[in-house]
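# Commentary on secondary and tertiary structure
Residue strings, one per chain:
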Amino acid sequence: RRIKEAQEKKCKSISLASVCGFPISIFFIVVNEFCERFSYYGMRAVLVLYFKYFLGWDDDLSTTIYHTFVALCYLTPILGAIVADSWLGKFKTIVYLSIVYALGQVVLAVSAIHDITDTNKDGNPDNMTFHVALSMVGLLLIALGTGGIKPCVAAFGGDQFEDHQEKQRGTFFSIFYLSINAGSLLSTVITPILRAQECGIHTQRECYPLAFGVPAALMVVALIVFIIGSGMYNKTAPQGNIMVKVCKCVGFAVKNRFRHRSSQYPKREHWMDWADEKYDKLLIAQVKMVLKVLFLYIPLPMFWALFDQQVISFLFTLSTYPVVIFNITNYGLKTQPDQMQTVNPILILVLVPIMDSMVYPLIAKCNLNFSPLKRMTVGMFLAAMAFVSAGLVQLQIDETLPKFPTGNDGQVKFINMINGGPLNVVAGVNEFTLQPFDCDINNTFSVFFVWCAPVASINQTLFCSLRFLNGFNSVLNVSVGSQSFGDIITNNMSKYVDIPQGEAKFHIMDTTGNECVYTLMLGFGSSFTLIIPSTFAFGENCANNVRTVVDIQPNSVHMALQIPQYFLITAGEVVFSVTGLEFSYSQAPSNMKSVLQAGWLLTVAVGNIVVLIVAEAATLEDQWAEYILFASLLVFVCIVFAIMAYFYTYTDPVKIEAQFAIIEPEEKEKNRRESLEMARRDSVKHRNNNISVRNVTNCRNRKKTFNLKHK
């Protein structure tokens, strides 16, 4: 016993060791969370582009699989919470599921190696089924791992603090959220750069294995760091299968209430009080606290529906419209579209300290009751305003898009290749004049044409699309850099070729070896048809003969227009999410911390499911209309949540549990006394009954004897 007491004293002294008022153990937890979030967000930053450009899926399928994966990541926390609180404890659950997590990252990285099935060495996998299957296995393992540890890490960090360290615990959750976004920031900067590298054994292409491999390595680092701090943690032992107890308690209360639904039975203060006959009052009080918070969670998925949708919606928009952040003279800083996701974590790293050290204290000094639920309401409203801003930006973008035909319309571009006077063209009710080697605007008619020159689709990432029309009397070969348009025969059109933005030098050669160099400055997202007329001649001024026709104008929407929506969605996240994490922990009973954290994370999963349902049900053609629809839904939900929050009463689980810890022994003693008293009364009653029986028997015997004597 002395050895055990000494060990407990030693463990307690270790757990109480602190730096600046914070337990040393939380620093291992924060570093672990940083590395794990680097791993998760780094993988997720390139996941959509991996689906689209490596696996060859379209936007709709990529979006569906992405949101399904995110939903799984936030559904599995329920499993992790049950295992942690009921069986293994938080520490072992984090360790075991982190191993599964790291394995999933490795499997996903292997699935992105195109050389495994590239038998013809052309850079494209020949057995795409293998890569898809391996990817899905990796994503399932990642969803199980990251989801399983999500509710445990935050709750495990909260367990490191004593009851009197409430302020430090609140600061810890802010630091914890900062570590999440610091890892997210670095990963969303680094992994797109790694993806843009070229790698491969036989054929070089975008290096998705490296982009997924580095996050896998960081997950291994996260696991090692967490295990190193093992001896310093305050480990709370699991308290039995609490989820089963809660479910049985709720089920018994419902059944008992149903059995006693008649008006002859007196009503009870709370419907859970109908479980009094079988379960102790402490468990019933804990269940009441959990159910009260879970009821508040019902409207919250709508926030996450908007927040997680903006990740992929803004990414697809940016992949169509590359941006220049700084533009000094003709030089700019080019960014990959998936790197633009760094705006969110950068703003979080700035806003979290500002909110904690300036905004909240200032509001408190003004004697305003800015309670956690009020903060969350404000966060939801800011997110709705972010999508209103996104809708306005989308309207600006739509104005710059070319008008493509829809329905039964067709589109044709008329080009005058005759070296003479102008041509008058009549097409149905449309009439226009074409100058030599010039073309009309894109005319769209409600008829079908036998021949037309198709216009390029909207360009992706940092490329421009070009094609050549050869009106020269000889076959011409056109190349730019390492790319070639091939041999273009007379009076024929080449295919579109994607060329990087900037100055492009085209080399035009005929069959005899004559060469002409033509230079053109290409803007982001532009598309051109270059006409080589019949009057073209090789020589010093040959480039002056090449005519340029603009199919699609360069992008004119600047990235700065998207800053307000990023700021609003991030401010909403800081006010909503950080507060929600702390609120979930503070309102949870001691044996249900992970369960309530899992309930909080479950709202994220439901939010992603809402995105899929609303997007499929709405079938809106315009992106701006979808943004406004989601913003309107969130404003409505925000009002509902504000009403629910108004009637919510905050509780202190520690005090309530302490009260029951005092009350329960008294009730047990009272029940014991009542039982003894009942037993005594039963014994006396039984003894009296026995005496009465003996008296009656004796009386009968005496009467019988008297009768015999009388006879």
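Residues numbered from 1 in each chain as written. Predicted model: local features only at pLDDT ≥ 70, side-chain atom pairs only at ≥ 80, totals over all residues. Heavy atoms only, no water.

### Looking at the packing of helix α4 (residues 77–88) against helix α5 (residues 90–111)
Here α4 crosses α5 at 130°, and the two axes come no closer than 8 Å. It follows from the interaxial angle that α4 and α5 lie oblique. Crossing handedness for the pair α4 and α5: right-handed. Residues Gly80, Val83, Ala84, Asp85 and Leu88 of α4 form the contact with α5, whose participating residues are Lys90, Lys92, Thr93 and Tyr96. Class assignment for the residues of the contact of α4 with α5 results in four nonpolar, two polar and three charged. (Axes fitted to C-alpha atoms, helices over the stretch in contact; angles between N-to-C directions. Helix = DSSP H or I, 4+ residues; strand = E, 2+ residues; numbered from the N terminus. Parallel < 35°, antiparallel > 145°, perpendicular 65-115°, else oblique. Left-handed = near helix turned anticlockwise from the far one by under 90°. Contact = heavy atoms within 4.5 Å. Nonpolar A, V, L, I, M, F, W, Y, C, P; charged D, E, K, R; others polar.)

### Digging into the pairing of strand β13 (residues 483–488)
Alignment of strand β12 (residues 476–480) against β13, held across five bridges, turns out to be antiparallel. Within β13, the residue paired with Ser479 across the bridge is Ser484. Joining the antiparallel neighbours β12 and β13 is a turn of two residues, in which Gly481 adopts a positive phi near 60°. (Pairing = 2+ DSSP bridges.)

### Quick word on the pattern of salt bridges
The tally for this structure, following the rule as stated, stands at seven salt bridges. In this structure, Lys90 engages Asp159 in a salt bridge whose closest nitrogen and oxygen atoms are separated by 2.9 Å. With Lys90 in helix α5 and Asp159 in the loop between α6 (128–158) and α7 (166–196), the pair connects residues that are 69 residues apart, well separated along the chain. Lys90 sits in the buried class, given a relative accessible area of 6%. Across the pair Asp276 and Lys281 runs a salt bridge whose closest N-O atoms are separated by 3.6 Å. Here Lys281 falls in the partly exposed class, since its relative accessible area comes to 35%. (Salt bridge = Lys/Arg side-chain N within 4 Å of Asp/Glu carboxyl O. Buried < 20%, exposed > 50% of the residue type's maximum accessible area, 1.4 Å probe, protein only.)

### Some words on the sheet that holds β12
The strands that make up a sheet are held in pairs by hydrogen bonds between backbone atoms, and each pair lies either parallel or antiparallel. Taken together, four strands build an open sheet; the order of strands is β13-β12-β16-β17 and the sheet is antiparallel. This sheet does not close on itself; its edge strands, each paired only once, are β13 and β17 (515–522). If you compare each strand with its neighbour and ignore which way they point, the axes differ by 20° on average. Note that strand β16 (residues 502–510) and β17 share eight bridges and pair antiparallel. Counterpart to Glu503 in the pairing with β17 is Met521.

### Details of the confidence of the model for the protein
Counting all residues, the mean pLDDT for the protein is 79, and 79% of those residues have values of 70 or more. In the predicted structure, residues 319–333 sits below a pLDDT of 50 and forms 32 contacts with residues beyond four places in sequence or in another chain. In the predicted structure, residues 442–461 sits below a pLDDT of 50 and forms 62 contacts with residues beyond four places in sequence or in another chain. (pLDDT = per-residue confidence, 0-100.)

### Considerations on helix α9 (residues 242–259)
The end-to-end C-alpha distance of α9, which contains 18 residues, comes to 25 Å, matching closely the 26 Å that a straight helix rising 1.5 Å per residue would cover. For α9, the set of buried residues is Ile242, Val246, Cys249, Phe252, Ala253 and Asn256. In an axial view of α9, the angular spread of the buried residues amounts to 130°, which keeps them on one side of the axis. With respect to the buried face of α9, the exposed residues turned more than 90 degrees away are Lys248, Lys255, Phe258 and Arg259. Taken together, the buried residues of α9 touch α4 and α10 (281–296). (Expected span 1.5 Å × (residues − 1). Arc of directions from axis to C-beta.)

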